[in-house]
Protein chains: 2
Amino acid sequence: MKKTTIAVIATNAGVSKSTVSHVINNTRYVEEKTRQRVLDVIEKYNYRPNKLARSLALNQTHTIGLILSDISNPFYHQVIHGVEECAYQNNYIILLFNARYDLARTQDYINTMIDHQVDGIIIMASSLSEETLFALQQSKLPAVIVDHPYPASDNSASIIIDFQTGIKEMVQSLVSAGHTRFAHITSTDNLWTSRMRKEIFLSELNSAGITHDKVDIINGNMHIDGGRDAFKQIIAKNEKPTSIFAVNDLTALGVLFEAQNLGFSLPTDFSIVGVDDIHLCLDVKPSLSTIALPCYEIGINAMTMLINILQNKNDVTEIIIKSRYIQRESSDIKFIPD
Amino acid sequence: MKKTTIAVIATNAGVSKSTVSHVINNTRYVEEKTRQRVLDVIEKYNYRPNKLARSLALNQTHTIGLILSDISNPFYHQVIHGVEECAYQNNYIILLFNARYDLARTQDYINTMIDHQVDGIIIMASSLSEETLFALQQSKLPAVIVDHPYPASDNSASIIIDFQTGIKEMVQSLVSAGHTRFAHITSTDNLWTSRMRKEIFLSELNSAGITHDKVDIINGNMHIDGGRDAFKQIIAKNEKPTSIFAVNDLTALGVLFEAQNLGFSLPTDFSIVGVDDIHLCLDVKPSLSTIALPCYEIGINAMTMLINILQNKNDVTEIIIKSRYIQRESSDIKFIPD
DNA sequence: CTGTTAGCGCCTTCAG
DNA sequence: CTGAAGGCGCTAACAG
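Keep in mind it's a predicted model, so treat the numbers as computed, not measured.

Please explain the overall build of chain A as it appears in this structure.
Within chain A, the secondary structure is distributed over 13 helices and twelve strands. Taking 338 residues into account, the globule formula puts the C-alpha radius of gyration at 20 Å, and chain A, at 26 Å, lies well above it. Projected onto its principal axes, the C-alpha coordinates of chain A cover approximately 85 × 40 × 30 Å. The 338 residues of chain A split such that 56% are buried. Counting only contacts in chain A whose residues sit at least 6 apart along the sequence, the fraction spanning at least 24 positions is 72%.

Okay, here's the thing in structure tokens:
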């Protein structure tokens with residue numbers, strides 16, 4: 001059985017391929033009568049144009065690549081949702097890749113996307129090496145980078161997340177409530193964003209008069225289990241903190257779960273704060289305080305900026321998104337440990 | 001700046017396009033000397049073949065479509081992981097679509113994938129209408145359908161999840177522990193799999209001597225919030241159940257969270273069981289009993305079967321995956337409510 | 001208002 | 001051992 005192409009439609013409708021093409025894409029006037037005839041044949045054959053061929057001819061695929069560090073992190077679900085919604089409405093299709101915090105894989109995926117001729121790319125992965133970024137930049141591929149430094153240009157834009165505002169609010173709230181001993185659960189310094197969060201936290205503590213020797217830094221892995229492990233390390237120390245700040249909500253939830261598991265009660269024994277504001281924050285008991293990010297908006301913005309670049313109207317090449325501290329039960333200042 | 005194509009490589013290496021093509025794809029012998037020369041030019045120009053053109057010529061894209069009902073359900077993360085891993089190793093790329101339990105959108109996405117000439121498709125979405133399935137079948141597109149009936153053929157295969165084994169174990173365990181009044185939180189009868197789970201549950205209860213008037217059916221939405229709402233409805237009734245079975249783990253977690261929120265204690269007041277065995281089951285307190293499915297294996301199997309179809313060695317067109325009951329604290333039989 | 005023609009970038013038969 | 005030429009399915013000048 002022969003595949004039905006634009007040529008067979010043309011033949012059967014008694015017109016040329018170009019006429020068919022034009023009625024499909026509405027790209028030039030076609031007499032109503034012949035138009036209808038073409039449409040009928042298309043209908044009859046149940047014909048659908050081959051996008052591959054179209055993309056090759058037009059040199060654009062209407063496909064964009066999206067690279068995330070971790071598809072299982074709920075934080076990303078809202079973001080994906082935003083990107084997807086915006087893409088759907090503008091008739092773009094998404095090639096989704098899950099980098100799993102792996103530098104090599106990230107690089108690999110970017111290349112694959114380029115090979116598949118994506119029109120542009122959105123990267124929200126902390127696992128980015130300098131080389132990868134440099135190569136991307138050289139490639140001139142339209143790109144929107146979220147939460148990572150990237151040189152602005154005609155075909156790139158950045159979404160910067162301002163963690164400082166949120167972290168400052170948190171620190172002030174905790175310090176003014178009397179907290180003096182802190183711990184921070186980070187992931188690894190390889191991940192740019194977690195290194196930033198750590199540095200901002202330390203510097204804000206400093207501004208609030210808490211010296212670094214009062215701050216314990218423990219490594220996690222951005223996941224619940226990493227948070228659990230980190231918490232075990234924390235309570236094994238002599239001088240325990242009264243307040244724990246985790247690099248993200250999943251890690252914070254790990255702390256919360258393990259603390260409860262070991263019989264501690266929050267926030268009276270420890271206060272704990274995460275980052276992201278995933279839905280689960282409100283489900284657990286005590287509800288989890290967090291540095292909130294507007295995830296859905298981030299997704300919408302990223303896609304919108306990319307589309308602007310693709311249409312050469314990228315007037316704004318950088319957006320700054322503010323974070324803010326949301327105090328919930330897990331860091332209720334009425335409870336000052338000790 | 002001109003884009004570097006196979007033609008410019010050919011010119012610069014002083015050979016024909018076909019030779020270049022052959023060294024790239026290792027598809028016929030090329031004298032070592034010229035081979036090296038071609039490779040050098042490729043290196044120098046940093047040339048990467050355009051997959052689009054290749055796909056068009058070969059009439060295969062090495063791309064497969066994956067449709068899920070809900071990317072935010074942790075259950076799928078393991079599945080995606082499995083599919084991805086298998087795809088990565090076999091050099092396939094994944095087009096991921098998130099149907100969000102929406103029938104129309106699902107249909108829409110399938111069409112988009114076909115337009116983009118995916119080589120095959122894996123569907124794990126409960127939101128499938130008969131028409132969609134019929135159209136898919138007519139299209140002859142190689143497909144693997146998970147947890148939904150689909151007629152077997154040369155270019156299709158199914159993964160059937162046997163919920164009965166798991167549900168039977170659960171029912172027996174609960175009934176023998178003395179439970180007599182049950183509630184079930186389903187989603188909607190539109191979703192095939194949730195209708196099945198409900199029917200199996202009812203029939204197993206029946207076999208165990210519990211008549212249907214002892215079983216309360218409430219609607220949820222497959223999410224945590226739906227579980228919370230459902231639980232509120234349950235406790236508003238006169239005759240409360242002692243045991244709640246939820247269509248999936250997220251719903252069950254909603255029950256668990258809301259129950260704790262309202263001051264109930266589990267499993268002494270109610271026992272609760274979910275389906276899927278997502279990681280969170282072990283994190284919460286009490287840990288959540290569930291009907292477990294081997295998600296990662298399901299993903300691996302689905303992709304493997306699809307690849308077999310694509311290579312015309314689809315000897316097995318149906319796999320049955322057994323579920324099993326995992327009893328944890330949330331349905332500990334030592335506690336019999338009332 | 002519509003048809004002809006020449007690509008898009010790659011693969012592959014057929015010659016030599 | 002390698003080139004030339006045609007084609008994958010669609011689009012877009014250029015003519016008329």
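That shown, we press on.
Looking at this model, I keep getting lost on the interface of chain A and chain B. Mind explaining?
Size of an interface, as often reported, equals the accessible area lost when the parts are brought together. Chain A puts 44 residues into the contact, and the matching count from chain B is 44 residues. A buried area of about 4,100 Å², summed over both sides, lies between chain A and chain B, and 57% of it is on carbon and sulfur atoms. Joining chain A to chain B, the criterion identifies ten salt bridges. Across the pair E84 of chain B and R100 of chain A runs a salt bridge, and its minimum N-O distance is 3.0 Å. The interface formed by chain A and chain B includes 21 residue pairs in polar contact (both at pLDDT 80 or more). Each residue belonging to the side of chain A that touches chain B can be placed in one class, and the counts come to 18 nonpolar, 14 polar and twelve charged.

Explain the packing of aromatic side chains here, please?
Two aromatic rings, taken as a pair, are described by how far apart their centres are and by the angle between their planes. Per the stated rule, a full pass over the model turns up 16 aromatic pairs over all chains. When the ring of Y88 of chain A is compared with that of Y109 of chain B, the centres are 5.8 Å apart and the planes differ by 80°; the resulting orientation is edge-to-face. In this pair, Y88 of chain A is assigned in helix α5 (residues 74–89) and Y109 of chain B in helix α6 (residues 103–115), connecting two distinct chains. Y88 of chain A gets classed as partly exposed once you look at its relative accessible area, which sits at 33%. With centroids separated by 4.8 Å and ring planes inclined at 50°, the aromatic side chains of F201 of chain A and F245 of chain A adopt a geometry described as tilted. One end of the pair, F201 of chain A, is in helix α9 (residues 192–207); the other, F245 of chain A, is in strand β8 (residues 243–246), and 44 residues separate them in sequence.

Explanation requested: the confidence of the model for chain A in the structure shown.
If pLDDT is low for a region, its predicted coordinates should not be looked at in detail. Here chain A averages 92 in pLDDT, while 98% of its residues score no lower than 70. Per-element confidence in chain A is highest for strand β10 (residues 289–292) of chain A, whose mean pLDDT is 98, and lowest for helix α7 (residues 130–139) of chain A, whose mean pLDDT is 88.

Explain the pattern of salt bridges here, please?
Here the idea is simple: oppositely charged side chains can pair when their charged atoms come close. Counted according to the given criterion, the structure contains 30 salt bridges over all chains. Where D147 of chain A meets R197 of chain A, a salt bridge forms, and the shortest distance between an N and an O atom there is 3.7 Å. Of this pair, D147 of chain A sits in the loop between β4 (143–146) and β5 (156–162) while R197 of chain A sits in helix α9, and the two are 50 residues apart along the sequence. According to the relative accessible area criterion, D147 of chain A is buried, its value standing at 12%. The closest approach of N and O atoms between K237 of chain B and D216 of chain B, which form a salt bridge, is 3.3 Å.

What am I meant to see in the sheet that holds β10 of chain A here?
The strands that make up a sheet pair up through hydrogen bonds in the backbone, lying either parallel or antiparallel. Residues and elements named next belong to chain A. Read across the sheet, six strands follow the order β7-β6-β8-β9-β10-β12 without closing on themselves; strand pairing throughout is mixed. Looking along the sheet, the strands with just one partner apiece sit at the ends: β7 (215–219) and β12 (324–326). Sheet twist, expressed as the mean angle between neighbouring strand axes with direction ignored, is 20°. In terms of strand pairing, strand β9 (residues 271–276) meets β10 through four bridges, oriented parallel. Bridged to V273 within β10 is S289. Each of β6 (182–186), β7 and β8 touches helix α10 (residues 224–236); the most contacted strand, β7, lies at about 145° to it. Contacts from helix α11 (residues 249–261) reach β6, β8, β9 and β10, with the element oriented near 155° to β9.

Where do I start with the protein's contact with DNA strand C in this structure?
If you check the shell around DNA strand C, you find 27 residues, and the closest are T19 and E31 of chain A together with I6, Y47 and R54 of chain B. Take the atoms of DNA strand C that sit within 4 Å of the protein: sugar and phosphate atoms are 60% of them. Take A53 of chain B: an N or O atom from its main chain is 3.3 Å from a base nitrogen of DNA strand C. Taking R54 of chain B, its side chain carries an N or O atom lying 2.6 Å from a phosphate oxygen of DNA strand C. Among the secondary structure elements, those contributing two or more residues to the surface near DNA strand C are α2 (17–25) and α4 (51–58) of chain A together with α2 (17–25) and α4 (51–58) of chain B. Of the residues assigned to the surface near DNA strand C, the class counts are eleven nonpolar, eleven polar and five charged.

About the thresholds
- Residues numbered from 1 in each chain as written.
- Chains lettered and ligands numbered in written order.
- Predicted model: local features only at pLDDT ≥ 70, side-chain atom pairs only at ≥ 80, totals over all residues.
- Heavy atoms only, no water.
- Helix = DSSP H or I, 4+ residues; strand = E, 2+ residues; numbered from the N terminus.
- Rg over C-alpha atoms; globule rule 2.2 N^0.38 Å.
- Buried < 20%, exposed > 50% of the residue type's maximum accessible area, 1.4 Å probe, protein only.
- Contact = heavy atoms within 4.5 Å.
- Buried area = accessible area lost by both parts, 1.4 Å probe.
- Salt bridge = Lys/Arg side-chain N within 4 Å of Asp/Glu carboxyl O.
- Polar contact = N/O pair within 3.5 Å; in protein donor to acceptor, adjacent residues only side chain to side chain.
- Nonpolar A, V, L, I, M, F, W, Y, C, P; charged D, E, K, R; others polar.
- Phe/Tyr/Trp six-rings, centres within 6.5 Å; stacked < 30°, edge-to-face > 60°.
- pLDDT = per-residue confidence, 0-100.
- Pairing = 2+ DSSP bridges.
- Axes fitted to C-alpha atoms, helices over the stretch in contact; angles between N-to-C directions.
- Near = heavy atom within 4 Å.

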